[in-house]
Amino acid sequence: LPGAAVLLCLVDVLHAFAIEEKGDVFKRMACPAFLMFDNAAYLADMTFELPCNCKPEEVSSVVWYFQKNMGSHKTTVLTDFAGTVVVDSGHIHAGSDVLKRFSIRMFSLIVFRAQVTDSGHYLCGTKKGDFFYGYDVDVQPTKHITVAFVDRGQHVQDDYTKKVFSLFTTFWDWTRCDRCGVRGEQRRIGLCYVQSAQLHPRYRAAVPNVTSCGSRAVPARFQRAGRLRRPEVAIRSCLTPCLKEEVPEEGVQAISNVISKVGEKPWLPHVPTQFHKQPIGIDLIIACPGARPEHAVAWDKESVRLYRSRYLIGVNKSMRVFIDHGNHLHIQRVRVSDRGTYFCWREGKMVSGFRLSVMYRRRRRRTLNDPETIYAVKVIGASYVLISIIFIIIHVCRCCWR
């Protein structure tokens, strides 16, 4: 017993020491005398976090500054002094300004659903204008991303090598299999990087003389070639078993669990299901709850698997139903045949269902106050005025000619 008591006391002391060491992280790391910029590259629609790695001990709150280009007179101030804290990132719109898509937590800046326009310099400092740490963020677009299906024998882009620089792709790790128990798919994201000995020395990266293609460290004469190289994504098939859930023994199950099983449909997955009615002919976008672009996400329409090898955006130009690179399911010009239940897989586990009902639009009589009626009257009136002017000009010219 005395030995056990001493051991427990020692564990408590070590735990307290670890907490103290974690709290003094800013004491151990001094801010650089000359402000440098750490390179960080992401894919569009991703959420990224920039920690303020150093600050004086007496500073209790930080302000983040965003600058598109070095030396620019336009600087955006990102501060949470007014209580601008994002609680649910699902309410963030991709097209909104960065001022509506950020949060500061424990001195770290979090930007939700980053856009290409968010590329630039981010500086951690104070309200007075003292800067402690800087980042060079490169958000690469997904609009013209290169896709390679490994099962079909397709390969990613080859390296582009010149005398003074070379372009190549750095791939992240393969994601988890997006389904379990059935054939699934894995995805691997690759971002464009450049290697050269002529990079700006004020920018630093994990590997010397290597930075992302959109970094401000790349000389202007190399940037045009870097814009021509696109980010890449590789997709391959996979198969992984489902984890067995622990089932309580007979006689241990609660009566409520037994009653809830009465009337169940065993052929339907037991996941939370949302119900939605959509008018015919309207475009619809479905998002998987809790999923981010870097997650492994899959979609099924009831028992039909919507594999990316067939439904990924860009595979077919005439696609009406497709999955984008942000893991959203798009249904354009909804038809009656689109109704049914759509299931969403996240990180290899089915998490939710989406039951879609398609209804016809009710016909209603237009009034003069409707915006559509006002717009149509304006267009028709402007057209008649334009035609009349052309008609008069033609007859005046004919009279003058005679």
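Everything quoted here is computed from the prediction, not taken from an experiment.

Caption draft 1: Quick look at the sheet that holds strand β23 (residues 349-359). Strand order across the open sheet formed by 5 strands is β16-β23-β22-β18-β19, with mixed pairing between neighbours. Among the strands making up the open sheet, the edge pair consists of β16 (273-279) and β19 (304-306). Between one strand and the next, the sheet's axes are offset by a mean angle of 25 degrees, whatever the strand orientation. Pairing geometry for β16 and β23, over 7 bridges, is parallel. Residue pairing across strands places T273 opposite G353, the latter belonging to β23.

Caption draft 2: Expanded view of the state of the cysteines. Per the counting criterion, the structure on display carries 5 disulfides. Here C192 is linked by a disulfide to C213, with a sulfur-sulfur distance of 1.9 Å. Around the S-S axis, the bridge from C192 to C213 shows a dihedral of about -65 degrees and counts as left-handed. You can see C192 sitting in strand β12 (residues 183-196) and its partner C213 sitting in the loop between β14 (210-212) and α3 (220-228), a full 21 residues away along the chain. Owing to a relative accessible area of 1%, C192 belongs among the buried residues under this scheme. Disulfide partner of C288: C344, at an S-S distance of 1.7 Å. Here C288 and C344 share a disulfide; its torsion about the S-S bond, -85 degrees, makes the bridge left-handed. With a gap of 56 residues between them, C288 in the loop between β17 (284-286) and β18 (297-301) and C344 in strand β22 (residues 340-346) connect regions that are remote in the sequence. Residues C288 and C344 agree in their burial class; the two are buried.

Caption draft 3: How the structure looks around the pattern of salt bridges. Counted by the stated rule, this structure contains 8 salt bridges. Two residues, R308 and D178, come together in a salt bridge whose shortest N-O distance is 4.0 Å. Of the two residues, R308 is situated in helix α5 (residues 308-311) and D178 in the loop between β11 (165-171) and β12; the sequence distance between them amounts to 130 residues. Classification of D178 as buried rests on a relative accessible area of 2%. Among the ionic pairs, R320 bridges to D338, the shortest N-O distance being 2.8 Å.

Rules of the game
- Residues numbered from 1 in each chain as written.
- Predicted model: local features only at pLDDT ≥ 70, side-chain atom pairs only at ≥ 80, totals over all residues.
- Heavy atoms only, no water.
- Pairing = 2+ DSSP bridges.
- Helix = DSSP H or I, 4+ residues; strand = E, 2+ residues; numbered from the N terminus.
- Axes fitted to C-alpha atoms, helices over the stretch in contact; angles between N-to-C directions.
- Disulfide = S-S within 2.5 Å.
- Buried < 20%, exposed > 50% of the residue type's maximum accessible area, 1.4 Å probe, protein only.
- Salt bridge = Lys/Arg side-chain N within 4 Å of Asp/Glu carboxyl O.

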